[in-house]
Amino acid sequence: MDRVSAPELARLLGDWAGDAACLPGALCDALTELVDLGFLPAGCLLPPQRELASSLAISRGTVTAALERLQARGYSTSRRGSGTRVRCGRSGIHNAGRLVSLSHSPSLTDLSTGALPASQATREALLTGLSGWDEYLDTDGYFPAGLPVLRAAIAQHLTASGVDTRPEQILVTNGAQQATNLAVRSLHSPGDLVLCDDPTYRGALEVFASAGLRVEGIPMRSGLVPELVAKAIRRQPRSLYCQTSIHNPTGQRMPAVERRALAEVVTRAGLPVIEDCCSWDLTLTGVPSRTLAGLVDPELLVSCWTMSKLFWGGLRIGWVRAAPERVRAMAELRKGWDLASSVPDQLLAVRLLAHAPKARR
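Residues numbered from 1 in each chain as written. Predicted model: local features only at pLDDT ≥ 70, side-chain atom pairs only at ≥ 80, totals over all residues. Heavy atoms only, no water.

1. Details of the overall build of the protein
Quick note on the threshold: Strands here are runs of E lasting at least two residues and helices are runs of H or I lasting at least four, both read from the DSSP assignment and numbered beginning at the N terminus. Any pair of residues with heavy atoms lying within 4.5 Å of one another is described as a contacting pair. In this description, accessible areas are obtained by the Shrake-Rupley approach with a 1.4 Å probe, and a residue is regarded as covered only by the protein chains that are shown. Neither His nor the chain ends contribute to the count of charged residues, in which Lys and Arg are positive and Asp and Glu negative. Think of each charge as sitting on NZ of Lys, CZ of Arg, CG of Asp or CD of Glu.
Of the regular secondary structure elements, the protein holds 14 helices and 9 strands. If you line up the protein on its principal axes, its C-alpha atoms span 65 × 55 × 40 Å. Once local pairs closer than 6 in sequence are excluded, the contacts in the protein between residues at least 24 apart make up 73%. With an accessible surface of roughly 17,400 Å², the protein has 52% of that area assigned to carbon and sulfur atoms. Put simply, the protein has 39 plus and 34 minus side-chain charges, and the middle of one group is 5 Å from the middle of the other.

Take a look at the structure:
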């Protein structure tokens, strides 16, 4: 990140003032924290003082005083006519405020994230005590592919929802973001080209960036345009990332005819597909949308799912649905990250999946 705009920096700062008696000091502390966390990397150009003051709804004098303190701490350098640049910090974590947007500021309603509080079905299901522990307490607690009982419950849940699935096709993850990470890392090496819908889910773009991938966006109509995907395949991408059910951020659903046409294009080309299905059951009818499952060669399709939309993000349970051989490969890959998901969270997930029909209403 070479520069940060005033609105973007304001989002990163969040509710920085709080009840602070000294606004310049509070703003300096907040900027220092962003540098230390890597959100503002070394060399990043900060926005002009007047623009930042306007975005933060404070006086320019307050911004000037805060930046003077920041420079005195050794965190920035400035030259007249050249602006203020970050002087120290880490290599940079640029996510347009995605993580900061989850900071629960009481004064803001953040429309840039789809994260919601726990659903009523989740509250009711979690009120009673957790059971079923005994058989796991005699194990080491590490199940890289997920608890067998949860993998079976997920397979049953998907099959009942129109996506025929076997337990061996399921890899339980710590949320959909890890599912996407595993899918991408299992298919790509740095420098590979990935195709995606344009616009697309910003969390996926963060995964692509962290994996060092080249990204080409494919314009959408009422979903991806199969003809444009076919043309882009000539540039030898390693995979296609897409959302054909409920699209984030547009909310569109890809028509069945175009979904089938897209499946034919990628299957004919032998192009692996990472399908984001995280919003597939957020429909007004309560009936989940269709996906590419059953249309694309199962050896090519890797789909990512989550419990956070229908139930609660705090549970941190997602999963990958893929061919059994790929599931085994991803299980080996995730061992180097975090070994496995929490046993209590997985047992709670089993209980919650039984409430899916109620949660969809």
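So that's the structure; there's more coming.
2. Thoughts on the side chain of arginine 151
We apply this condition: Burial here depends on accessible area, computed with a 1.4 Å probe over protein chains only, as a share of the maximum for the residue type. Under 20% is buried, over 50% is exposed, and the range in between is partly exposed. Salt bridge criterion: a side-chain nitrogen from Lys or Arg within 4 Å of a carboxyl oxygen from Asp or Glu. Polar contacts, as used here, are pairs of N or O atoms within 3.5 Å; protein pairs need one atom able to donate a hydrogen and one able to accept it. Residues neighboring in sequence count only if both atoms are side-chain atoms.
Mapped onto the elements, arginine 151 comes out in helix α7 (residues 148-160). No salt bridge is formed by the buried arginine 151; its nearest oppositely charged neighbour, glutamate 168, is found at 6.5 Å. Of the polar contacts made by the side chain of arginine 151, one reaches the backbone oxygen of proline 167; its length is 3.4 Å. With residues near it in sequence (within four places) discarded, arginine 151 still touches Ala145, Gly146, Pro167, Glu168, Ile170, Val172 and Val327.

3. Thoughts on the layout of surface pockets
Spelled out, the test is: In this analysis a 1.4 Å probe is tested at points of a 1 Å grid over the protein atoms alone, and where it fits but cannot get out there is a cavity; an open set with protein on both sides within 12 Å along at least five of seven lines is a pocket; lining residues have an atom within 4 Å of a point. Grid points are joined across faces, edges and corners, and a volume is the space filled by probe spheres set on the points. We call Asp, Glu, Lys and Arg charged. Ala, Val, Leu, Ile, Met, Phe, Trp, Tyr, Cys and Pro are nonpolar, and the rest, Gly among them, are polar.
Quantified by volume, the second largest pocket comes out at close to 300 Å³. Broken down by secondary-structure element, the contributors of at least two residues to the lining of the second largest pocket are α4 (60-72), β1 (76-79) and β2 (83-86). In terms of residue count, the dominant contributor to the lining of the second largest pocket is α4 (4 residues). Classifying every residue of the lining of the second largest pocket gives 4 nonpolar, 8 polar and 3 charged.

4. Side note on the packing of helix α2 (residues 23-37) against α4
As a reminder of what qualifies: Angles here are taken between N-to-C directions and fall from 0 to 180 degrees, while the axes themselves are lines fitted to C-alpha atoms, restricted in helices to the stretch in contact. If an angle is under 35 degrees, it is roughly parallel; if it is over 145, roughly antiparallel; if it lies from 65 to 115, roughly perpendicular; otherwise it is oblique. It is the rotation of the near helix from the far one that decides the hand of a crossing: anticlockwise by less than a right angle makes it left-handed, clockwise makes it right-handed.
At a minimum axis distance of 8 Å, the contact between α2 and α4 shows a crossing angle of 50°. One finds that α2 runs oblique with respect to α4. The handedness of the crossing between α2 and α4 comes out as right-handed. Residues Leu23, Pro24, Gly25, Leu27, Cys28, Leu31 and Thr32 of α2 lie in contact with α4, whose contacting residues are Thr62, Val63, Ala65, Ala66, Leu67, Arg69 and Leu70. Tallied by class, residues from the contact of α2 with α4 come to 10 nonpolar, 3 polar and 1 charged.

5. Things to note about the pairing of strand β4 (residues 193-198)
Note the cut-off: Note on pairing: two strands pair once DSSP finds at least 2 bridges between them. Note on handedness: a clockwise path from strand one over the helix to strand two, with the strands aimed away from the viewer, defines a right-handed crossover.
By the criterion of burial, β4 is predominantly enclosed, with 5 of the 6 residues buried. Pairing of β4 with strand β5 (residues 214-219) involves 6 bridges; the strand directions are parallel. Counterpart to leucine 195 in the pairing with β5 is glutamate 216. Handedness of the β-α-β unit built from β4, helix α9 (residues 202-210) and β5 comes out right-handed.

6. Focus on the sheet that holds strand β9 (residues 318-321)
A sheet is described by the order of its strands in space; here 7 strands give the open sequence β3-β9-β8-β7-β6-β4-β5, paired in mixed fashion. The outermost strands of the open sheet, each flanked by one partner alone, are β3 (170-173) and β5. Across the sheet, the axes of successive neighbouring strands diverge by a mean angle of 20°, strand direction being ignored. The strands touched by α7 within the sheet are β3, β8 (301-306) and β9, with β3 carrying the most contacts at an inclination of about 115°.

7. A few points about the environment of leucine 339
Mapped onto the elements, leucine 339 comes out in the loop between α12 (324-335) and α13 (343-353). Between the alpha carbons of leucine 339 and tyrosine 142 there is a distance of 6.6 Å; along the sequence they are 197 residues apart. In contact with leucine 339, not counting residues within four places along its chain, are Tyr142, Pro144 and Arg334.

8. Observations regarding the confidence of the model for the protein
How we decide: A residue's pLDDT is simply how confident the predictor is in it, with values from 0 to 100.
Overall, the prediction assigns the protein a mean pLDDT of 88, with 90% of residues at 70 or greater. Counting interchain partners and residues more than four positions distant, the pLDDT-below-50 stretch residues 99-108 has 14 contacts.

9. Some words on the packing of α7 against α13
Where α7 contacts α13, the two axes come as close as 9 Å, and the packing angle between them is 25°. Classified by the angle between their axes, α7 and α13 sit roughly parallel to one another. As α7 runs across α13, the sense of the crossing is left-handed. Side by side, α7 and α13 meet where Val149, Leu150, Ala153, Ile154 and His157 of the first sit next to Gln346, Leu347, Ala349, Val350 and Leu353 of the second. Residues of the contact of α7 with α13, tallied by class, amount to 8 nonpolar, 2 polar and no charged.

10. Details of the pattern of salt bridges
This model, assessed by the stated rule, comprises 7 salt bridges. A salt bridge links glutamate 168 to arginine 166, with the nearest nitrogen and oxygen atoms 2.8 Å apart. Aspartate 281 is the salt-bridge partner of arginine 360, the closest N and O atoms lying 3.7 Å from each other. Of this pair, arginine 360 sits in helix α14 (residues 356-360) while aspartate 281 sits in the loop between β7 (273-276) and β8, and the two are 79 residues apart along the sequence. Across the pair, exposure class does not vary: arginine 360 and aspartate 281 are buried alike.

11. Digging into α13
Since one α-helical turn is 3.6 residues long, residues separated by three or four positions face the same way. Across the 11 residues that make up α13, a large majority, 8, are buried. Those residues of α13 not exposed but buried are Val343, Gln346, Leu347, Leu348, Ala349, Arg351, Leu352 and Leu353.

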